[in-house]
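The residues making up each chain are set out below.
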Amino acid sequence: MAVFRRQRSPQLFSSRPAGALRTLLMICMSIMLMVYDHQTGRLKQIHAALATVVWPVQAIVDAPHSLLTWAGDKLATHRSLVAENTQLRSQVLQQDAALQQFAALQQENQRLRDLMQAAAQISGRVSEATILSAALDPYRHLVVIDKGSHDGVYEGQTVLDAFGIVGQVTRADPLASEVTLVSDPGQAIQVEVNRTGLRTLAVGNAELTQLTLPYITNSADLKEGDLIVTSGLGGHYPPGYPVGYITHFERDPAEPFAHVTARTAADLNRGREVLLFWPSQPLPQVELPPKPAPVVKTKKKK
Amino acid sequence: MRELSAPRGIWVIAASYVLALVLTTWPLPQWAESFRPAWVPLVTVYWCLWLPERVGVIVAFLAGLLVDTLSGTLLGEHALALVLVAWAALWMHLQVRVFPWWQQCVVVAGILALNAFVLFWVDGMLGYTLGAGTRLVPVLVSAAIWPWVLQVMSRAHQRYHVG
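In short, a report on the structure. Everything quoted here is computed from the prediction, not taken from an experiment.

Quick notes on the overall build of chain B
Counting its regular elements, chain B contains seven helices and zero strands. Across chain B, helices and strands are ordered from the amino to the carboxyl terminus as α-α-α-α-α-α-α. Taken over the C-alpha trace, chain B has a radius of gyration of 15 Å; the compact-globule value for 163 residues is 15 Å, and the two agree within 12%. Once the C-alpha set of chain B is aligned to its principal axes, its extents read approximately 45 × 30 × 30 Å. Residues counted as buried form 47% of the 163 residues belonging to chain B.

Written as structure tokens, this is what we have:
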């Protein structure tokens, strides 16, 4: 039937089924959504609803991996379990020994800080989350974790792993959340060099496990292998957590700043377990000088 | 508007999109990532060419929102790209249907280049200029696998009398 009707259509480039008006409407809606999402980040309900719709897809994609992990756990032999147990036990002992020193150091640090009247270090509680093995936009460094706002995850939350800062939660949906890694090309993190206290910014680039430090002067005291930690300025990350290690420091007299790159401390390309961090007190916010005129009312957190 | 008979086999269309979404987010090793075909645009092109009464810009828009949610991009980015893909496919669907397979591949490459360009353009405005050189690789891969996509999709299309 439809074939006959279609033959009546006189022109080859039929614009009938598309409907110019409908196409235009959809284009306008997409652009409006994008602008609104980018400017205000206030489309949480729509996002949450859509995330619930696509959650089965994420579950399907993650199924083989979690199945393998589960099977691996089930089929582990007695001997390998015993070996693992022994190894873990010795690891716990070693870490306990290190912790004894840590408690003393923490006390001493607190006393010194009190003497200097500096703010106390931020501590907090952490909880485990697993990275789902879903591939996201290949041009960004994002991962999805299996904890969402139902588990208390919130936007802007710091995500760690056993070695350092992984990134921050950029979207908390009910069942899963999206984490932007520190190495994302759109991310910058406030850091300081642990050895010298030099404060600067580390920004992501194309490499998954690499950071660029674009604002290090040529005269800076820096060497390869230096640890960089979060400085806590800006109030997005708690201070004192490892971010990376300097891998390359090249002075360039022709340019105002040196070429500095760092390797991320966190195991960004292999790790599957991450830790969500809830600070025990609100992170200190830096007071910004008042703006001359309010341009935008609410600004999206970067 | 042309009057339509009761829809049949809508679930096949839905299943094709679910499969495309799964393939879009299926984890691949880092090196293979830039060769991943654009599955959702391919499926959209197929349905817009062969079933324009059912699948058009609105389905493309909704599918785009799902892709945006899955891949963590700005809400509306893939939606805009897919609406344009659907529009282009609908605009020339009567012509492309009678093309030999290699000409169809060329057309598909063109449509997917439009898709890639929109994504690149929006990303560029957001400051994500990564991978500017490799954005065309998925377009070529998608165009190259078009004959197989066409085969599989039209088998399903005929087998379940989707209409």
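A few points about the sheet that holds strand β3 (residues 158-160) of chain A
Residues and elements named next belong to chain A. If you trace the six strands once around the closed barrel, you get β1-β2-β5-β4-β3-β12, paired in antiparallel fashion. Mean inter-strand twist for the sheet, computed between neighbouring axes without regard to direction, equals 45°. In this sheet, strand β12 (residues 273-279) lies alongside β3 in antiparallel orientation, the contact comprising three bridges. Bridge pairing links L160 to L275 in β12.

So, the environment of V182(A)
Residue and element names in this part refer to chain A. Its place among the elements puts V182 in the loop between β5 (177-181) and β6 (188-193). Residue classification places V182 among the buried positions, given that 29 C-beta atoms sit within 10 Å. Sequence separation between V182 and L211 is 29 residues, and the spatial gap between their C-alpha atoms is 7.9 Å. Not counting chain neighbours up to four residues away, the residues in contact with V182 comprise I165, V166, G167, Q187, I189, G204, L211, V243 and T264.

Thoughts on the sheet that holds β6(A)
In a beta sheet, neighbouring strands are held together by backbone hydrogen bonds and run either parallel or antiparallel to one another. Residues and elements named next belong to chain A. With respect to topology, six strands assemble into a closed barrel ordered β6-β7-β8-β11-β10-β9, the strand pairing being antiparallel. Taken pair by pair, the neighbouring strands of this sheet meet at an average axis angle of 45°, ignoring direction. Here strand β8 (residues 210-212) runs beside strand β11 (residues 259-264); their pairing, made up of three bridges, is antiparallel. Each bridged residue has a counterpart across the sheet, and for Q210 the counterpart in β11 is R263.

Looking at the nonpolar core
Core analysis: the biggest nonpolar cluster contains 99 residues, and V166(A), L82(B), V83(B), V85(B) and A86(B) have the highest contact counts within it. Leaving out residues up to four positions away in the same chain, V83(B) has contacts with T23(A), M26(A), I27(A), S30(A), V57(B), A60(B), F61(B) and G64(B).

Calculation criteria
Residues numbered from 1 in each chain as written. Chains lettered and ligands numbered in written order. Predicted model: local features only at pLDDT ≥ 70, side-chain atom pairs only at ≥ 80, totals over all residues. Helix = DSSP H or I, 4+ residues; strand = E, 2+ residues; numbered from the N terminus. Rg over C-alpha atoms; globule rule 2.2 N^0.38 Å. Buried ≥ 20, exposed ≤ 12 C-beta atoms within 10 Å, placed from the backbone. Pairing = 2+ DSSP bridges. Axes fitted to C-alpha atoms, helices over the stretch in contact; angles between N-to-C directions. Contact = placed C-beta atoms within 7 Å. Core = buried A, V, L, I, M, F, W, Y, C linked by C-beta atoms within 7 Å.

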